[in-house]
Amino acid sequence: QVQLVESGGGLVQAGGSLRLSCAVSGSIFSINAINWYRQAPGKQRELVVSITSGGSTNYADSVKGRFTISRDNAKNTVYLQMNNLKPEDTAVYYCNADRRYGMGSTWGQGTQVTVSS
């Protein structure tokens, strides 16, 4: 089993910053990658950034230069630092774990990020 709990969302003005956290528990070594997705009302869920177990990262073009993913292995936590936030960043942000060997994926409950203009 893998469990994910997101936190850190909130309301911020355009140009501000937030840091999201994804606390990971369970079978940590079964995880191939941790992903941050987001979904705005009426929109499809989109991949924001991923980080593999080897540390490779991949960012969506819309957040490059503004968002940074990192992890603290001692705390079993993955972070998403979001700077220079824009109204179009408003969405529910979800942490997702891809597991190895066909064991499926796990989703957190999501955390709301609202950016006012």
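Residues numbered from 1 in each chain as written. Predicted model: local features only at pLDDT ≥ 70, side-chain atom pairs only at ≥ 80, totals over all residues. Heavy atoms only, no water.

Caption draft 1: The arrangement of the packing of aromatic side chains in detail. Across all of its chains, the model carries 2 aromatic pairs by this definition. Where Tyr37 meets Trp107, the ring centres are 5.0 Å apart and the plane angle is 50 degrees; that geometry is what we call tilted. Taken together, the residues Tyr37 in strand S4 (residues 31–39) and Trp107 in strand S10 (residues 105–107) connect sequence positions 70 residues apart. Take Trp107: its relative accessible area is 35%, and that puts it in the partly exposed class. Plain terms: the ring middles of Tyr94 and Trp107 are 6.3 Å apart, the flat faces sit at 80 degrees to each other, and that makes the pair edge-to-face. (Phe/Tyr/Trp six-rings, centres within 6.5 Å; stacked < 30°, edge-to-face > 60°. Helix = DSSP H or I, 4+ residues; strand = E, 2+ residues; numbered from the N terminus. Buried < 20%, exposed > 50% of the residue type's maximum accessible area, 1.4 Å probe, protein only.)

Caption draft 2: View of the pattern of salt bridges. Under the counting rule described, the total for this entry stands at 4 salt bridges. In this structure, Glu46 and Arg38 form a salt bridge, with 2.7 Å as the shortest nitrogen-oxygen distance. In this structure, the salt-bridge partner of Arg38 is Asp89, at a minimum N-O distance of 2.9 Å. Taken together, the residues Arg38 in strand S4 and Asp89 in the loop between strand S8 (77–82) and strand S9 (91–99) connect sequence positions 51 residues apart. Across this residue pair, the class does not change: Arg38 and Asp89 are buried. Ionic contacts of the salt-bridge type, sharing partners, join the residues Arg38, Glu46, Arg66 and Asp89 into one network. (Salt bridge = Lys/Arg side-chain N within 4 Å of Asp/Glu carboxyl O.)

Caption draft 3: Representation of the state of the cysteines. Tallied over the entire structure, the rule returns 1 disulfide. Paired through a disulfide, Cys22 and Cys95 show a sulfur-sulfur distance of 2.0 Å. Every disulfide takes its handedness from the sign of the S-S torsion; for Cys22 and Cys95 that torsion is -80 degrees, giving left-handed. Of this pair, Cys22 sits in strand S3 (residues 18–26) while Cys95 is found in strand S9, placing the two residues 73 residues apart along the sequence. When its relative accessible area of 0% is taken as the criterion, Cys95 is described as buried. (Disulfide = S-S within 2.5 Å.)

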